[in-house]
Amino acid sequence: MLRKTLSTAIVSSVIATGAMSADLVTKTSPHSVSDTMDRLEAAVTGAGATVFARVDHAAGAAKVDMELRPTQMLMFGNPKLGTPAMLDSQTAGLDLPLRVVVYADAEGVVNVAYHAPAHLAETHGLPADAKYIAIMTGALDKLTGKAVAAE
């Protein structure tokens, strides 16, 4: 129970402080949190990546009698990209697989947020010009773009 409460608190803290962080990429979605996450998960699997976890933080909060606006996180990756990053610096495993959070803010606007892969390079001393950083950047933009597309 404590683990779930801490998880919820950490995500809330990251969302609240991350909005000011330059390495955080945020997009708005015209869909609900659940629909946006479904679209993201479909885009990820359609691209051949592996979904490792889908976490419903609001459901976790409800289990401990706390209320959290809709918030879900998808953890996914591709060993063809992540392994070279970890070969360059094994501490990159702290931030891999990649994660995207989808949440409704206080006004009910649905947001999709993730750390820019350039942040991964900075944090773990990876080469900024590494091909895998460029591919991760493009993939995250494309996948989240599909999740928030109006159609």
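Refer to the structure above for everything that follows.
Position labels on residues start from 1 in each chain and follow its written sequence. Only residues with pLDDT of at least 70 get local features here, since the model is predicted, and only at 80 or more are side-chain atom pairs given and counted; chain-wide, interface and lining totals rely on the full set of residues. Values shown for side chains rest on all heavy atoms present in the structure; no hydrogens or waters enter the calculation.

So what exactly am I meant to see when it comes to the overall build of the chain here?
Secondary structure follows DSSP: runs of H or I at least 4 residues long count as helices, runs of E at least 2 residues long count as strands, and numbering of each begins at the N terminus. Regarding its fold elements, the chain presents 6 helices and 5 strands. Helices and strands in the chain line up, N terminus first, as α-β-α-β-α-β-α-β-β-α-α. Three labels apply to residues, based on accessible area from a 1.4 Å probe with only protein chains included: buried if under 20% of the type maximum, exposed if over 50%, partly exposed otherwise in between. Counting only residues that meet the buried cut, the chain has 40% of its 151 residues in that class. By definition in these notes, contact holds between two residues if any of their heavy atoms fall within 4.5 Å. Sequence separation of at least 24 residues holds for 68% of the intrachain contacts in the chain that already meet a minimum separation of 6. Calculation of accessible area relied on Shrake-Rupley with a 1.4 Å probe; when residues are assessed, cover is drawn exclusively from the protein chains displayed. Counting every atom, the chain has about 8400 Å² of accessible surface; 60% of that belongs to carbon and sulfur.

Hey, could you run me through the environment of Gly82 in this one?
Mapping Gly82 onto the fold places it in helix α4 (residues 79-88). Owing to a relative accessible area of 9%, Gly82 belongs among the buried residues under this scheme. Sequence-wise, Gly82 and Leu96 are 14 residues apart; in three dimensions their C-alpha atoms are separated by 6.7 Å. Look past the residues within four positions of Gly82 in its chain and what remains in contact with it is Leu96 and Met136.

When you look at the environment of Val112 in this model, what are you seeing that I'm missing?
In this fold, Val112 is placed in strand β5 (residues 110-115). Sequence spacing of Val112 and Leu40 is 72 residues, and the spatial spacing of their C-alpha atoms is 9.7 Å. With residues up to four places along the chain from it excluded, the contact list for Val112 reads Val25, Thr26, Lys27, Thr36, Val100, Val101, Val102, Thr144 and Val148.

Where do I start with unusual backbone geometry in this structure?
Peptide bonds are mostly trans, and most non-glycine residues show a negative phi. Between Leu96 and the following residue, Pro97, the backbone shows a cis peptide bond with an omega angle of 0 degrees. Non-glycine residue Asp65 carries a positive phi angle of around 55 degrees. As for its position among the elements, Asp65 is in the loop between α3 (57-63) and β3 (71-77).

Just to check I follow, could you spell out the layout of surface pockets for this structure?
Cavities and pockets were defined on a 1 Å grid built from protein atoms only: a cavity is a group of points that admits a 1.4 Å probe but offers it no way out, a pocket is an open group of points flanked by protein on both sides within 12 Å along at least five of seven lines, and a lining residue is one with an atom within 4 Å of any such point. Grid points are joined across faces, edges and corners, and a volume is the space filled by probe spheres set on the points. Estimated volume of the second largest pocket: approximately 380 Å³. Around the second largest pocket, the lining is made up of 22 residues, and of these Ala49, Gly77, Asn78, Leu81 and Leu98 lie nearest the centre.

Help me out: how do you make sense of the pairing of β5 in this one?
Consecutive side chains along a regular strand alternate between the two faces of the sheet. Counting buried positions over the 6 residues of β5 gives 5, a clear majority of the element. Linkage of strand β4 (residues 98-104) to β5, two consecutive antiparallel strands, is achieved through a turn of 5 residues, within which Gly108 is found at a positive phi near 85 degrees. For two strands to pair, DSSP has to find at least two bridges joining them.

Please clarify how the pairing of β4 should be interpreted in this entry.
Counting buried positions along β4 gives 6 out of 7 residues, so the element sits mostly inside the fold. As paired strands, β3 and β4 are joined by 6 bridges and run antiparallel to one another. Opposite Gln72, over in β4, you have Val102 as the bridge partner. One ladder, built from 4 bridges, connects β4 with β5; its direction is antiparallel. Bridge pairing links Val102 to Val112 in β5.

What is the right way to read the nonpolar core from this model?
If you look at soluble globular proteins, the nonpolar side chains tend to sit buried side by side. The term nonpolar core refers to a set of buried residues drawn from Ala, Val, Leu, Ile, Met, Phe, Trp, Tyr and Cys, joined through side-chain atoms within 4.5 Å. Of all hydrophobic cores here, the largest spans 30 residues; its most connected members are Leu40, Phe76, Leu126, Tyr132 and Met136. Among the elements of the structure, α2 (33-46), β3, α4, β4, β5, α5 (117-124) and α6 (131-148) are those that each provide at least two residues to this core. The greatest single-element share of this core, amounting to 7 residues, is contributed by α6. For Met136, the contacting residues outside a window of four places in its chain are Leu81, Gly82, Ala85, Leu96, Leu98, Pro117 and Leu120.

Don't take any of this as a statement about function, it's just geometry.
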